[in-house]
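Observations on the model geometry
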Amino acid sequence: MKRLCSHCEKAFANILVGREDKYLCRCCFYEYFEDTVHQTIVEECLLQPGERVAIGASGGKDSTVLAYVLKILNERYCYNWDLWLLSVDEGIHGYRDDSLRTVEQNRDDYKLPLYIVSYNELYDWTMDQVVSQIGRKSNCTFCGVFRRQALDRGAEKIQANVLATGHNADDIAETVLLNLLRGDHARFSRSVMEENGSYRTTDESVFNKIRRVKPLKQVYEKEIVMYAYFKKLKYFATECIYAPFAYRGHAREYLKSLERMRPHSISDILYSLSCISLNKEESKTRVAQQCIRCGSISSQTICKACQFKTSLDRGQGVLAVKRSGMCSLSKQTTQCCSESAERVSQYEADSNDAASSS
Ligand SMILES: Nc1ncnc2c1ncn2[C@@H]1O[C@H](COP(=O)(O)OP(=O)(O)OP(=O)(O)O)[C@@H](O)[C@H]1O
């Protein structure tokens, strides 16, 4: 027998959500999902009325759902946010050019302005060229450093007050676990402080720094996939052609297997994260300065992106990664079209099982 929605108690439940095991029908799920994002924004003061918000738009499921929900909330609560889609073109032929077409489609469907910034114009390098010099092993390290800065520079260009990215609860738990498993104490502390809202790299008022926010931080990947699926949102679900099987991939698989055994693993990691308090030494903010070459905010005299660019210009890209000790830190996407479809049916099956009582 099918279980009734635990909220409206009228329709049959379609999905099991959240930490408290709620079984929801589609309509109540939409309300739950949008309310969760809204509460995160309000409780953590992520966005202020009237602000220009750059939405980091990769064309993937997370940023597509983020753009869609922010647009809905903007209209529903009259926030007067000036929403923009901001995409970084890394110059990956056969991958980013295709996903940018999805972003362009979103631009038309959601009637939002789109600004595209490319590695080629910022660094004189495309990722295709980077890979042809350094190979496929550590290319994600370059891409991660360049992308972070490119998003900042793009947001600056369109005079945004804030940059919103589509990182979700699973992404955050994965990053914490990854840093813990690697013994990367500095990054672990930083991720704890970032999530607890106590990490600042700089005096924001001095540098007029664009805030970074994660409005989807309290929703789970499963919920995002199902929201996009129920709403029939168009997103690009192909794995980056340069994504090797990085260590992050192992952390992700481990987390997924934990979650299969015990469905609260991700939320428990996030709960633990919120309870961790670091001592004074660990919570010291990094001293920020302006890169003497490009003017970007950096913790070093010459920012990492400029250091990488110089090494590439000299044909020493591989050396640069070794020196910086930053192998494969950036996140790899493992999703692909068929996997995405499989995931929807897996989540549907899980929810159906859960929603049926014998
Ligand atoms: N090329 C890009 N242009 C603009 N924003 C990006 C780009 N790549 C990543 N982002 C932003 O960073 C977030 C996290 O990116 P990540 O590579 O981890 O992808 P993801 O978790 O698969 O997200 P998505 O499903 O949105 O691609 C994205 O949701 C998006 O907001």
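Residues numbered from 1 in each chain as written. Predicted model: local features only at pLDDT ≥ 70, side-chain atom pairs only at ≥ 80, totals over all residues. Heavy atoms only, no water.

Here's the deal with the overall build of the chain
What counts here: Helix and strand assignments follow DSSP, with helices taken as H or I runs no shorter than four residues and strands as E runs no shorter than two, numbered in order from the N terminus. Exposure is judged per residue with a 1.4 Å probe applied to protein chains only, and the accessible area is read against the type maximum: over 50% gives exposed, under 20% gives buried, and values in between give partly exposed. Residue burial considers only the protein chains on display, and all accessible areas are found by Shrake-Rupley using a 1.4 Å probe.
Assigned secondary structure in the chain consists of 15 helices and nine strands. Across the 358 residues of the chain, 49% fall into the buried class. Accessible surface, the chain as shown: approximately 17,500 Å² in total, 50% of it carbon and sulfur.

Points about helix α6 (residues 139-157)
The criterion, for reference: One fewer than the residue count of a helix, multiplied by 1.5 Å, yields its expected span.
Given a rise of 1.5 Å per residue, 19 residues ought to cover 27 Å, and the 26 Å separating the end C-alpha atoms of α6 matches this to within 8%. N139, C140, T141, F142, C143, V145, F146, Q149, A150, L151, G154 and A155 are the residues of α6 that are buried. Positive backbone phi, at 60°, marks Q159, one or two positions downstream of α6.

What about the nonpolar core?
Formally: By nonpolar core is meant a set of buried Ala, Val, Leu, Ile, Met, Phe, Trp, Tyr and Cys residues that side-chain atoms within 4.5 Å join together. Here a residue-residue contact requires only that any non-hydrogen atoms of the pair lie within 4.5 Å.
F29, F33, L47, L70, W81 and Y227 are the most contacted members of the largest nonpolar core, which totals 46 residues. Secondary-structure elements contributing two or more residues to this core are β1 (15-17), α1 (26-43), β3 (52-56), α2 (61-77), β4 (82-89), α3 (96-110), β6 (162-164) and α10 (221-231). If you tally residues by element for this core, the top one is α2, at eight residues. Beyond its immediate sequence surroundings of up to four residues, Y227 is in contact with F29, Y30, F33, E34, V65, Y68, V69, I72 and L233. Listed in part, the 38 residues of the second largest apolar core include V131, L151, I210 and L312.

Re the pairing of β4
For clarity, the cut-off: Handedness rule for crossovers: strands pointing away from the viewer, path from the first strand over the helix to the second running clockwise, crossover right-handed. Following DSSP output, two strands are said to pair if at least two bridges run between them.
Of all eight residues in β4, six are buried; the element is thus mostly enclosed. Remark: the β3/α2/β4 crossover connection has right-handed handedness. In terms of strand pairing, β4 meets strand β5 (residues 114-118) through five bridges, oriented parallel. Within the sheet, the bridge partner assigned to L85 lies in β5 and is L114.

A look at the UniProt feature "binding site: ATP" (unreviewed entry) in the chain
Rules: UniProt positions are given in the numbering used here, feature names are shortened, and annotations may be inferred rather than shown by experiment.
Residues annotated in UniProt with the feature "binding site: ATP" (unreviewed entry) correspond here to G56, A57, S58, D62, V88, G166 and D171. Tracing the backbone shows V88 in strand β4. In contact with V88, other than residues within four places in its own chain, are R96, V117, Y119, R147, A150 and L151. In this structure D171 comes out as buried when scored by relative accessible area, which is 6%.

Digging into the sheet that holds β3
Two modes of strand pairing occur in sheets, parallel and antiparallel, and in both the strands are linked by backbone hydrogen bonds. Counted only if it meets this: A fitted line through C-alpha atoms serves as each axis, taken over the contacting stretch for helices, and the angle formed by two N-to-C directions is quoted from 0 to 180°.
Ordered in space as β5-β4-β3-β6-β7, the five strands form an open sheet in which the pairing is parallel. Two strands bound the open sheet, and with one partner strand each, they are β5 and β7 (211-213). Mean inter-strand twist for the sheet, computed between neighbouring axes without regard to direction, equals 30°. Here three bridges tie β6 to β7, and the two strands are oriented parallel to one another. Within β7, the position partnered with L163 by the bridge is R212. The strands that α3 touches are β4 and β5; relative to β4, the one it contacts most, it runs at about 170°.

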